[in-house]
Amino acid sequence: QSVLTQPPSVSAAPGQKVTISCSGSSSNIGNNHVSWYQQFPGTAPKLLIYDNYKRPSGIPDRFSASKSGTSATLGIAGLQTGDEADYYCGTWDSSLSAGVFGTGTKVTVL
Amino acid sequence: EVQILESGGGSVQPGGSLRLSCAASGFTFTSHAMNWVRQAPGEGLEWVSGISGTGASTYYADSVKGRFTISRDNSRNTLYLQMNSLRAEDTAIYFCARELVVVAATQLDHWGQGTLVTVSS
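Keep in mind it's a predicted model, so treat the numbers as computed, not measured.

(A) Seen up close, the state of the cysteines. Taken as a whole and judged by the stated rule, the model has two disulfides over all chains. Each disulfide pairs two cysteine sulfurs, and for Cys22(A) the partner residue is Cys89(A), the sulfurs being separated by 2.0 Å. The disulfide joining Cys22(A) to Cys89(A) has a torsion of about 75° about its S-S bond and is therefore right-handed. Placement of the pair is Cys22(A) in strand 2 (residues 18–23) and Cys89(A) in strand 7 (residues 85–93), with a sequence separation of 67 residues. The class for Cys89(A) is buried, based on a relative accessible area of 0%. Each sulfur of the disulfide joining Cys22(B) and Cys96(B) lies 2.0 Å from the other. Taking the sign of the S-S torsion, about -70° here, the bridge from Cys22(B) to Cys96(B) comes out left-handed. Residue Cys22(B) is located in strand 3 (residues 18–25), and its partner Cys96(B) is located in strand 9 (residues 92–99); the two are separated by 74 residues in the primary sequence.

Below, the structure is given as structure tokens:
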């Protein structure tokens, strides 16, 4: 059972923007960096965001993220059909001394 | 180019053991912590275990603590996961993933393709 909560699904039309929330606590998001991952069926996850808001090279600036208190948010602007995937947040939990992932959100482009 | 390749998956009966390996190349292995992350069929990601760059610090999810052991051989650029007392609920694809930094922080910038572990009688 994950300690980070995400909405099961979000959807929008092509070109629109979606946001995905990730809710945690002071022992994880509140005091550690958040990362975000994109996963297509049958493939390994891919890092989209690290250090709460930074994008690895090659990740388009349509993907943005922020953190406030014990919650984090991923935004995908200019939605494309190729963005249909599962998205996960992740962070370290200082109380558990363990990594934790969110429950995952499926993005659908209408 | 960073490359990560898992091996060692397979089918095992409940109570059995398996050892997963993860061969890494294309980067300074000791400069990065390493992790195992699993994904049960149709389910989300579950962090399993992590180890610091030197191997001095290890971490485990409660679900595997006492049954799994993570280790690394820095001379061979290889990560391991020894899995004992396997249960049906351990059935999953196991991914090896590189940490951005030398300590465990769950910021995983390179992943292998995964190896499937099936626990069934």
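There's plenty left to go through after this.
(B) Local environment of the sheet that holds strand 6 (residues 71–76) of chain A. Residues and elements named next belong to chain A. With antiparallel pairing, three strands are arranged side by side in an open sheet as 2-6-5. The sheet is open, and its two borders are formed by strand 2 and strand 5 (63–68), each paired with just one other strand. Direction aside, the axes of adjacent strands within the sheet are offset by 15° on average. Summarising the sheet, strand 2 and strand 6 pair through six bridges and their orientation is antiparallel. Paired with Thr-19 across the strands is Gly-75, a residue of strand 6.

(C) Here's a closer look at the interface of chain A and chain B. Of the residues lining the interface, 21 residues belong to chain A; the matching set on chain B comes to 20 residues. Buried surface at the junction of chain A and chain B, summed over both partners, amounts to about 1,600 Å²; 63% is from carbon and sulfur atoms. Where chain A packs against chain B, one counts zero salt bridges. In this structure, the connection of chain A to chain B is made through seven residue pairs in polar contact (both at pLDDT 80 or more). Elements with a minimum of two residues in the side of chain A that touches chain B: strand 3 (35–39), strand 7 and strand 8 (98–101) of chain A.

(D) Summary view of the layout of surface pockets. Space inside the largest pocket adds up to approximately 890 Å³. Ser2(A), Gly44(B), Leu45(B), Glu46(B) and Trp47(B) are, among the 37 residues lining the largest pocket, the residues nearest its centre. Going through the elements one at a time, strand 7 and strand 8 of chain A together with strand 4 (34–39), strand 5 (45–51) and strand 9 of chain B are the ones with two or more residues in the lining of the largest pocket. When residues of the lining of the largest pocket are assigned to their parent elements, the largest contribution, four residues, is made by strand 8 of chain A. For the lining of the largest pocket, the residue count by class is 17 nonpolar, 14 polar and six charged. Of the pockets and cavities examined, the second largest pocket occupies roughly 360 Å³. Residue lining of the second largest pocket: 16 residues in total, with Lys46(A), Leu47(A), Asp109(B), His110(B) and Trp111(B) positioned closest to the centre.

(E) Geometry of the pattern of salt bridges. Per the stated rule, a full pass over the model turns up eight salt bridges over all chains. Two residues, Asp51(A) and Lys54(A), come together in a salt bridge whose shortest N-O distance is 3.3 Å. Owing to a relative accessible area of 15%, Asp51(A) belongs among the buried residues under this scheme. Two residues, Lys65(B) and Asp62(B), come together in a salt bridge whose shortest N-O distance is 3.1 Å. With a relative accessible area of 58%, Asp62(B) lands in the exposed category.

(F) The side chain of Asp90(B), seen in detail. All names here are of chain B. Along the chain, Asp-90 turns up in the loop between strand 8 (78–83) and strand 9. Looking at Asp-90, its side chain comes within polar contact range of the main-chain nitrogen of Arg-87, at 2.8 Å. Sequence-distant contacts of Asp-90, that is, excluding residues within four places in its chain, are made with Arg-38, Arg-67, Phe-68, Ser-85, Val-117 and Val-119.

(G) Spotlight on unusual backbone geometry. Notably, Ser97(A) is not glycine yet its phi reads approximately 50°, a positive angle. Inspection of the secondary structure assignment puts Ser97(A) in the loop between strand 7 and strand 8. At Thr106(B), a position not held by glycine, the phi torsion is positive, near 55°. Residue Thr106(B) is classed as buried on the basis of its relative accessible area, which comes to 1%.

Rules used throughout
- The residue count restarts for each chain, going from 1 along the sequence in the order it is written.
- Chain letters and ligand numbers both follow the written order, the letters beginning at A and the numbers at 1.
- Only residues with pLDDT of at least 70 get local features here, since the model is predicted, and only at 80 or more are side-chain atom pairs given and counted; chain-wide, interface and lining totals rely on the full set of residues.
- Only hydrogens and water are set aside; all other atoms, that is, all heavy atoms of the structure, feed into the side-chain values.
- Two cysteine sulfurs form what is called a disulfide whenever their separation falls within 2.5 Å.
- Secondary structure elements follow DSSP: runs of H or I of four or more residues count as helices, runs of E of two or more count as strands, with numbering from the N terminus.
- Type-normalised accessible area, obtained with a 1.4 Å probe on protein chains alone, sets the label of each residue: buried when under 20%, exposed when over 50%, and partly exposed for intermediate values.
- Two strands form a pair only when DSSP identifies at least two bridges running between them.
- Between N-to-C directions, angles span 0 to 180 degrees; the directions come from axes that are lines fitted to C-alpha atoms, helices contributing only their stretch in contact.
- Here, residues are in contact when the closest pair of their heavy atoms is within 4.5 Å.
- Once two parts are brought into contact, the accessible area they lose, counted with a 1.4 Å probe and summed over both, makes up the buried area.
- The rule for a salt bridge is simple: a side-chain nitrogen of Lys or Arg has to be within 4 Å of a carboxyl oxygen of Asp or Glu.
- Polar contact criterion, stated in full: a pair of N or O atoms within 3.5 Å, where within protein one must be able to donate a hydrogen and the other to accept it, and residues adjacent in sequence count only if both atoms are side-chain atoms.
- Cavities and pockets were defined on a 1 Å grid built from protein atoms only: a cavity is a group of points that admits a 1.4 Å probe but offers it no way out, a pocket is an open group of points flanked by protein on both sides within 12 Å along at least five of seven lines, and a lining residue is one with an atom within 4 Å of any such point.
- Grid points are joined across faces, edges and corners, and a volume is the space filled by probe spheres set on the points.
- Residues are grouped as follows: Ala, Val, Leu, Ile, Met, Phe, Trp, Tyr, Cys and Pro are nonpolar; Asp, Glu, Lys and Arg are charged; all remaining types, including Gly, are polar.

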